[in-house]
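# Fold and contact review
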Amino acid sequence: MSLPAEFHEIAKRVNNWGRWGAEDEIGTLNLITDDVVRTAATTVRTGRRVPLALPLKEDGVQTGLIPGRVNPLHSMVQINQELFGPGTVATSDDAVTMGLQAATHWDALTHASHSGMIYNGRPADTITPHTRARFSGIDKARHVVSRGVLLDVARARGVDRLAGGHAVTPEDLEAAEELARTPVRAGDIVLVRTGQIQTYLAGDRHAYGYPSPGLSVRTPEWFHARDVAAVANDTLTFEIFPPENENLWLPVHALHLVEMGMLQGQNWNLEELSTACAEEERYAFLLSAMPEPFVGGTGTPVAPVAIF
């Protein structure tokens, strides 16, 4: 089934192919300039730090809904082993097998494709079992540090958590922007709080994944107009699930990653950050969200930290 005309019309309006040259592989991360980072550093006043990652554990957010995306399988490969003989210093080592998008993560630009294409007009078949993502792998996103802005949609709407069928709209984003009293500007990393992760933190992994609030297909144009560098939220699927249009699955993924070249993140724990922003009475902060540089990876775990 081909994508509907509505999707292609939005895609034309948000398309960034060629904007930073034919060889570009990082998309909207180009908007995080030295000046943007210097300005972001001025948001640090108290040194308060808020971690945004979920723990990596075997009973994590994955339930089998997404094939192959397994929670971390953590095993010990050495335990107090005296490698250099009896009485020498002993060491312990461990190993892990996991989906790179298992918990708190960034999606690389190659995580989605449509119509046989990935970001900047490259063929989707440049992703192979052997070369992995030949272009725009997550290792190309070498520095993801900028001003972060929390758009606390749930708080702006006066609820702890948005309902499962709530599609976050541009109007929702603007209400949260008004609450924050902080206009989103070029090079910002926007974090959108729905409150959905509360269901996972309460122990209901299945309710966390489905049904879930998330971004509407109308929101990519909002982020594009403001030249946002990256977006993350506190849900499993990022966009509303099930989708707004039953014949259009993962359109926001395709618009962000393929058309705009914009990283998107899922499973970010924004609960403590929501409290901190309300207490600090400011919703902008320095955000460090460095990807693990898996060469050719289509995603990566990340342990973001907001610094006030």
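About the cut-offs
Residues numbered from 1 in each chain as written. Predicted model: local features only at pLDDT ≥ 70, side-chain atom pairs only at ≥ 80, totals over all residues. Heavy atoms only, no water. Phe/Tyr/Trp six-rings, centres within 6.5 Å; stacked < 30°, edge-to-face > 60°. Helix = DSSP H or I, 4+ residues; strand = E, 2+ residues; numbered from the N terminus. Buried < 20%, exposed > 50% of the residue type's maximum accessible area, 1.4 Å probe, protein only. 1 Å grid on protein atoms, 1.4 Å probe; cavity = no way out; pocket = protein on both sides within 12 Å on 5 of 7 lines; lining within 4 Å. Points joined across faces, edges and corners; volume = space filled by probe spheres on them. Nonpolar A, V, L, I, M, F, W, Y, C, P; charged D, E, K, R; others polar. Contact = heavy atoms within 4.5 Å. Pairing = 2+ DSSP bridges. Axes fitted to C-alpha atoms, helices over the stretch in contact; angles between N-to-C directions. Core = buried A, V, L, I, M, F, W, Y, C linked by side-chain atoms within 4.5 Å. Polar contact = N/O pair within 3.5 Å; in protein donor to acceptor, adjacent residues only side chain to side chain.

Here we come to the packing of aromatic side chains. In this structure the tally under the stated criterion is 6 aromatic pairs. Ring geometry for Trp-106 and Trp-268: centres 5.0 Å apart, planes at 65°, overall edge-to-face. Taken as a pair, Trp-106 in strand β4 (residues 105-107) and Trp-268 in the loop between β14 (263-266) and α9 (271-280) lie far apart in primary sequence, 162 residues in all. Of the residues examined, Trp-268 reaches a relative accessible area of 0% and is grouped as buried. The rings of Tyr-210, Phe-241 and Trp-249 are connected pair by pair, giving a single aromatic cluster.

All chains considered together, the criterion is met by 2 cavities of 30 Å³ or more. By volume, the largest cavity is sized at about 60 Å³. Residues that form the lining of the largest cavity fall into these classes: 8 nonpolar, 3 polar and 2 charged. As a volume, the second largest cavity reaches approximately 50 Å³. Lining of the second largest cavity is provided by Leu-54, Pro-55, Leu-56, Lys-57, Gly-60, Val-61, Asn-71, Pro-72, Ala-102, Ala-103 and Tyr-200. A class-by-class count of the residues in the lining of the second largest cavity yields 8 nonpolar, 2 polar and 1 charged.

Estimated volume of the largest pocket: approximately 320 Å³. Lining the largest pocket we find 18 residues, and of these His-111, Thr-237, Trp-249, Leu-250 and His-253 sit closest to its centre. Among the residues making up the lining of the largest pocket, the classes are represented as 10 nonpolar, 6 polar and 2 charged.

What follows covers helix α8 (residues 251-260). Of all 10 residues that make up α8, 10 are buried, and the element is covered over most of its length. Taken together, the buried positions of α8 are occupied by Pro-251, Val-252, His-253, Ala-254, Leu-255, His-256, Leu-257, Val-258, Glu-259 and Met-260. Lining the buried residues of α8 we find α1 (5-14), β4, β5 (117-118), β12 (214-215), α7 (219-225) and β14. Positioned one or two residues after α8, Gly-261 has a phi angle of 70°, which is positive.

Those residues of α9 not exposed but buried are Glu-271, Leu-273, Ser-274, Ala-276 and Cys-277. Positive phi appears at Glu-281, one or two residues downstream of α9, with a value of about 60°.

Let's shift gears to the sheet that holds strand β13 (residues 230-233). Across the sheet, which stays open at both edges, the 9 strands sit in the order β1-β17-β15-β9-β11-β13-β14-β4-β16 with mixed pairing between neighbours. Each edge of the open sheet is held by one strand with a lone partner, namely β1 (49-51) and β16 (299-301). Sheet twist, expressed as the mean angle between neighbouring strand axes with direction ignored, is 25°. Relative to strand β17 (residues 305-307), strand β15 (residues 284-288) runs antiparallel, the two sharing 3 bridges.

Okay, the nonpolar core next. A general tendency of soluble globular proteins is for nonpolar side chains to be buried together. Counting 35 residues, the largest nonpolar core has Trp-106, Leu-191, Leu-263, Trp-268, Leu-273 and Phe-285 as its most contacted members. Of all elements in the fold, only β11 (189-193), β13, α8, α9 and β15 reach the threshold of two or more residues within this core. Among the elements that line this core, the one with the most residues is α9, at 3 residues. Once residues lying within four places of it in the same chain are set aside, the contact partners of Leu-191 are Leu-52, Val-149, Leu-150, Leu-151, Ala-232, Trp-268, Leu-270, Leu-273, Phe-285 and Leu-287. Grouped together as the second largest cluster of nonpolar side chains are 29 residues, Ala-11, Val-149, Leu-151 and Ala-176 included.

By the element assignment, Ala-225 lies in helix α7. Its relative accessible area of 61% is what places Ala-225 among the exposed residues.

What follows concerns the environment of Asn-71. Structurally, Asn-71 can be placed in the loop between β1 and β2 (73-81). Separated by 15 residues in sequence, Asn-71 and Leu-56 place their C-alpha atoms 7.7 Å apart. If we ignore the near neighbours within four places in the chain, the residues touching Asn-71 are Lys-57, Glu-58, Asp-59, Gly-60, Val-61, Gln-62, Thr-97, Met-98, Ala-102 and Arg-205. A distance of 3.5 Å separates a polar side-chain atom of Asn-71 from the backbone oxygen of Glu-58. A polar atom in the side chain of Asn-71 sits 2.9 Å from the backbone oxygen of Gln-62.

Looking at where Gln-198 falls in the secondary structure, it is placed in helix α5 (residues 197-201). Take Gln-198: its relative accessible area is 26%, and that puts it in the partly exposed class. The residues touching Gln-198, leaving out its near neighbours within four places in the chain, are Asp-160, Arg-161, Arg-193 and Glu-271. A polar side-chain atom of Gln-198 sits 3.0 Å from the main-chain carbonyl oxygen of Asp-160.

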